[in-house]
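Take a look at the letters that make up each chain.
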Amino acid sequence: MRNLIKDIMYGARTDAATVPLRMVLYALSIVYGIIMRVRNKLYDARILKSCDIPCHVISIGNILVGGTGKTPVTIMTAKMLKNTGLN
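If you're wondering where the values come from, they're calculated on a predicted model, not measured in any experiment. (Residues numbered from 1 in each chain as written. Predicted model: local features only at pLDDT ≥ 70, side-chain atom pairs only at ≥ 80, totals over all residues. Heavy atoms only, no water.)

Visitor: How would you summarise the overall build of the protein chain if you had to cite specific residues and measurements?
Guide: When its secondary structure is counted, the protein chain shows three helices and zero strands. Element order for the protein chain, N to C, with α for helix and β for strand: α-α-α. Compactness check: the protein chain gives a C-alpha radius of gyration of 19 Å against a globular reference of 12 Å for 87 residues, more than 25% above the reference. Referenced to the eigenvectors of the C-alpha coordinate spread, the extents of the protein chain come out at roughly 55 × 40 × 15 Å. Taking all 87 residues of the protein chain together, 6% fall into the buried category. (Helix = DSSP H or I, 4+ residues; strand = E, 2+ residues; numbered from the N terminus. Rg over C-alpha atoms; globule rule 2.2 N^0.38 Å. Buried < 20%, exposed > 50% of the residue type's maximum accessible area, 1.4 Å probe, protein only.)

What follows is the structure, encoded as C-alpha cells:
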C-alpha cells in the first residue's frame, strides 16, 4: 500500500484502478490544507501562542516523504557539529 501511494503521489501510476485511492488522497489533501491555513492564521492572530526553547533547532527535510536522504544528511550534520565541539 505504501508503494502504491508513493507511485500515485509521484505520478508513476495513473491507471483506472487507482482512481478511488487518488480521489481519497486528493480529498484528504484539501482537508489538510484547510486545517494548516486555519492553524497558521491562528498563529498570525496570536490566538495560538508559540514558545521559545533554550536551544538551537536544525530542521532537516520533510517528515511526510521518505527516501529523500534525510538520515545521511542528519548523521553528517551531527558529526560536523560534534567535530566542532558542540553537543
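Visitor: Explain the packing of helix H1 (residues 2-9) against helix H2 (residues 19-44) to me, using residue names and the numbers behind them.
Guide: Two numbers describe how H1 lies on H2: the axes approach to 11 Å, and their chain directions differ by 75°. Comparing the axis directions of H1 and H2 gives the class roughly perpendicular. Across the interface between the two elements, Leu4, Ile5 and Ile8 from H1 touch Leu21, Arg22 and Leu25 from H2. Residue composition of the contact of H1 with H2, by class: five nonpolar, no polar and one charged. (Axes fitted to C-alpha atoms, helices over the stretch in contact; angles between N-to-C directions. Parallel < 35°, antiparallel > 145°, perpendicular 65-115°, else oblique. Contact = heavy atoms within 4.5 Å. Nonpolar A, V, L, I, M, F, W, Y, C, P; charged D, E, K, R; others polar.)

Visitor: Could you give me a rundown of the side chain of Thr18, with the residues and numbers involved?
Guide: Within the secondary structure, Thr18 sits in the loop between H1 and H2. Looking at Thr18, the relative accessible area reads 2%, which means it is buried. When neighbours within four sequence positions are excluded, Thr18 is seen to be in contact with Leu4, Ile8 and Arg13.

Visitor: Lay out a nonpolar patch on the surface in plain terms, naming residues and giving numbers.
Guide: On the surface, Tyr26, Ile30, Ile34 and Val38 cluster together into a nonpolar patch covering about 390 Å² of accessible area. Here Tyr26 lies in helix H2. (Patch = residues over 30% accessible without salt bridge, like charges linked within 9 Å, V, L, I, M, F, W, Y side chains within 5 Å. Areas by Shrake-Rupley, 256 points an atom, 1.4 Å probe, with all protein chains shown as cover. Salt bridge = Lys/Arg side-chain N within 4 Å of Asp/Glu carboxyl O.)

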